[in-house]
Amino acid sequence: MLDESLLDAPEALARADVRGLLRGAAESGARVRTAARYAAEAGVADLKPDGRPRSVLVAGPGAAGSCTADLLGALSGTNCPVSLIAPTGVAPAPGALRWTLPGWAGPLDLLLLVTPDGAEPGLPQLVEQAYRRGCSIVAVAPAGSPLAGAVEQARGLMVPLAAGPDNNSAPYDTAPPAPAGSLPPEGQHTEPTGTAQDEVTGPALPGTLWALLTPLLVLVDRIGLVAAPPSALMQVADRLDQVAERCGPAIATYTNPAKALAAELAGSLPLLWTEGPVAAAAGRRFASLLALLAGRPALVAELPGALAAHGTLLAGSLAGGADPDDFFRDRVEEAEALRARVVLLYDEQVSALSAVPTARELALAHDTALSELEPGGGGVLENAAELLAITDFTAVYLALASTERS
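Here the structure is a predicted model, which is why all the values come from computation and not from measurement. (Residues numbered from 1 in each chain as written. Predicted model: local features only at pLDDT ≥ 70, side-chain atom pairs only at ≥ 80, totals over all residues. Heavy atoms only, no water.)

## Some remarks on the overall build of the protein chain
The helix and strand tally for the protein chain stands at 16 helices and nine strands. In the protein chain, which comprises 406 residues, the proportion classed as buried is 51%. Carbon together with sulfur atoms contributes 56% to the accessible area of the protein chain, which is approximately 17,400 Å² in total. (Helix = DSSP H or I, 4+ residues; strand = E, 2+ residues; numbered from the N terminus. Buried < 20%, exposed > 50% of the residue type's maximum accessible area, 1.4 Å probe, protein only. Areas by Shrake-Rupley, 256 points an atom, 1.4 Å probe, with all protein chains shown as cover.)

In structure tokens:
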């Protein structure tokens, strides 16, 4: 259940937000600016590539790798295949994860490593594999981490992870980040200290994604996969700031799109129907955040296939008009029945070839509640930023205002 009164109580939300989730979401724009500066200082913008790679391989723990690969693949379209190297291991703990290059990877391929930790033993091992195969290597990780040292020794390109403006402590000792291209001083401690930053900068948490993704956008712009010049990244940062203003804890629910969507999703099974590759990636991230932060399930499907894949759900016991018997009975002591709610996410304006109108009609025909997140206008990157930011805030509000958590 959702305590909707908590949504309009900023002080109570602040007390419930022990992991700094709202702050992380609000700092996304600042993370983009800092990460873009770090990428420039690392020399990414000065690269003169000979051409596009044959493929881009992405590796990282959990959502750090999967979300980054998903978004880069959606943004690059058919320009170049982007593949995730999924980790294996007996547990999701960083120390148990291992990554293996596909057998065909070689000098024509680009390996991207992304992690907010940098202490996973399996990632330096992957760097060694890539070095032996002749792959180009680029990493975004905390400066001074074991991964940073391994990438620099393999003559790869290392970009320090951008911390939030209100969280300047480094996860390795208390020394400032080492300059790009330098090795950690001999004897420097490189084990995680378990500081509060570890809780705030988990791989799927709001804000961290942009710290990982932004340097890679600068890189793929240089190699011609995605149009992401500095001006576009600053527009992304501005759009993230605008969404943070609209979705902040002090903004009332009736004018706050994230709080309103959180209230709409209370007691429902969200059916996230997406149209467009960027919206599809945003929908998958939204579902993962709902599970991770709020402990709530959601089903994701792309239009028009979603109409057939989830059509039976709208006609069954989850439908909005299900169980009409005994309308006037007392339901005070009964648990609220779970009902499906369709959430439409799309990254371009609805056109004559869009399946969005059909999706609306299907939901209406089955008396199923409907929510929509439509693009606010602008370029592809800006629309992606808005979808990701609103859904980030929504997942956070659901997590903080759930009665079992508050």
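Once you've had a look at it, read on.
## Brief notes about the packing of helix H10 (residues 230–247) against helix H16 (residues 380–401)
Interaxial distance between H10 and H16 falls to 9 Å at its minimum, and their mutual angle equals 30 degrees. In terms of orientation, H10 lies roughly parallel with respect to H16. Here H10 and H16 pass one another in a crossing that is right-handed. In this structure, H10 contributes Ala232, Gln235, Val236, Arg239, Leu240, Val243, Ala244, Arg246 and Cys247 to the contact, and H16 contributes Leu381, Glu382, Asn383, Ala385, Glu386, Ala389, Ile390, Phe393 and Tyr397. Residues that form the contact of H10 with H16 fall into these classes: twelve nonpolar, two polar and four charged. (Axes fitted to C-alpha atoms, helices over the stretch in contact; angles between N-to-C directions. Parallel < 35°, antiparallel > 145°, perpendicular 65-115°, else oblique. Left-handed = near helix turned anticlockwise from the far one by under 90°. Contact = heavy atoms within 4.5 Å. Nonpolar A, V, L, I, M, F, W, Y, C, P; charged D, E, K, R; others polar.)

## Considering the environment of Leu113
Within the secondary structure, Leu113 sits in strand E3 (residues 109–114). Taking relative accessible area as the criterion, Leu113 reaches 0% and is therefore assigned buried. With 25 residues separating them along the chain, Leu113 and Val138 place their C-alpha atoms 6.3 Å apart. Beyond its immediate stretch of four places on either side in the chain, Leu113 contacts Ala59, Leu123, Leu126, Val127, Ile137, Val138, Ala139, Val140 and Leu147.

## Topic: the nonpolar core
Formed by 93 residues in total, the largest nonpolar core has its most connected members in Leu72, Leu112, Trp210, Leu217, Leu293, Phe393 and Tyr397. When residues of this core are assigned to their parent elements, the largest contribution, 15 residues, is made by H16. In this structure Leu217 touches Leu72, Leu75, Trp210, Ala228, Leu233 and Leu381, once residues within four positions along its chain are discounted. Judged by nonpolar contacts, the second largest core, of 23 residues, contains Leu97, Ala105, Ala139 and Ala148. (Core = buried A, V, L, I, M, F, W, Y, C linked by side-chain atoms within 4.5 Å.)

## Focus: the sheet that holds strand E8 (residues 339–346)
The strands making up a sheet associate through hydrogen bonds between their backbones, and the pairing can be parallel or antiparallel. The parallel open sheet is built from four strands, whose spatial order is E7-E6-E8-E9. Only two strands of the sheet have a single partner each, and these edge strands are strand E7 (299–302) and strand E9 (369–373). This sheet shows a mean twist of 20 degrees between the axes of neighbouring strands, independent of strand direction. Alignment of strand E6 (residues 268–275) against E8, held across eight bridges, turns out to be parallel. Note on E8: the bridge partner recorded for Trp273 is Leu344. Each of E6, E7 and E8 is contacted by helix H12 (residues 277–294), which is oriented at about 160 degrees to E6, the strand it contacts most. (Pairing = 2+ DSSP bridges.)

## As for the environment of Pro124
Within the secondary structure, Pro124 sits in helix H6 (residues 122–133). Along the backbone, Pro124 and Trp99 are 25 residues apart, and their C-alpha atoms lie at a distance of 9.6 Å.

## Overview of the confidence of the model for the protein chain
Of all residues in the protein chain, 85% have pLDDT values of 70 or greater, and the mean over the chain is 86. A low-confidence stretch, residues 168–201 (pLDDT under 50), is modelled with 53 contacts involving residues beyond four sequence positions or located in other chains. (pLDDT = per-residue confidence, 0-100.)

## Considerations on the pattern of salt bridges
Opposite charge on two side chains lets them pair, provided their charged atoms get close. Per the counting criterion, the structure on display carries 15 salt bridges. Where Arg246 meets Glu386, a salt bridge forms, and the shortest distance between an N and an O atom there is 3.4 Å. Here the residue Arg246 occupies a position in helix H10, and Glu386 occupies one in helix H16, the gap between them amounting to 140 residues. According to the relative accessible area criterion, Arg246 is partly exposed, its value standing at 36%. (Salt bridge = Lys/Arg side-chain N within 4 Å of Asp/Glu carboxyl O.)

## Notes on the sheet that holds E3
Spatially, the five strands line up as an open sheet ordered E2-E1-E3-E4-E5, and their pairing is parallel. A strand with exactly one partner marks an edge of an open sheet, and here the two such strands are strand E2 (82–84) and strand E5 (157–160). Here the strands of the sheet are splayed against their neighbours by 20 degrees on average, with no regard to which way each runs. Of the strand pairs in this sheet, strand E1 (residues 55–59) and E3 are connected by five bridges, and their pairing is parallel. Note that in E3 the partner of Val58 across the bridge is Leu112. Strands in contact with helix H7 (residues 146–153) are E3, strand E4 (136–141) and E5; relative to E5, the strand with the most contacts, it is inclined by about 150 degrees. The strands that helix H9 (residues 208–222) touches are E3, E4 and E5; relative to E4, the one it contacts most, it runs at about 150 degrees.

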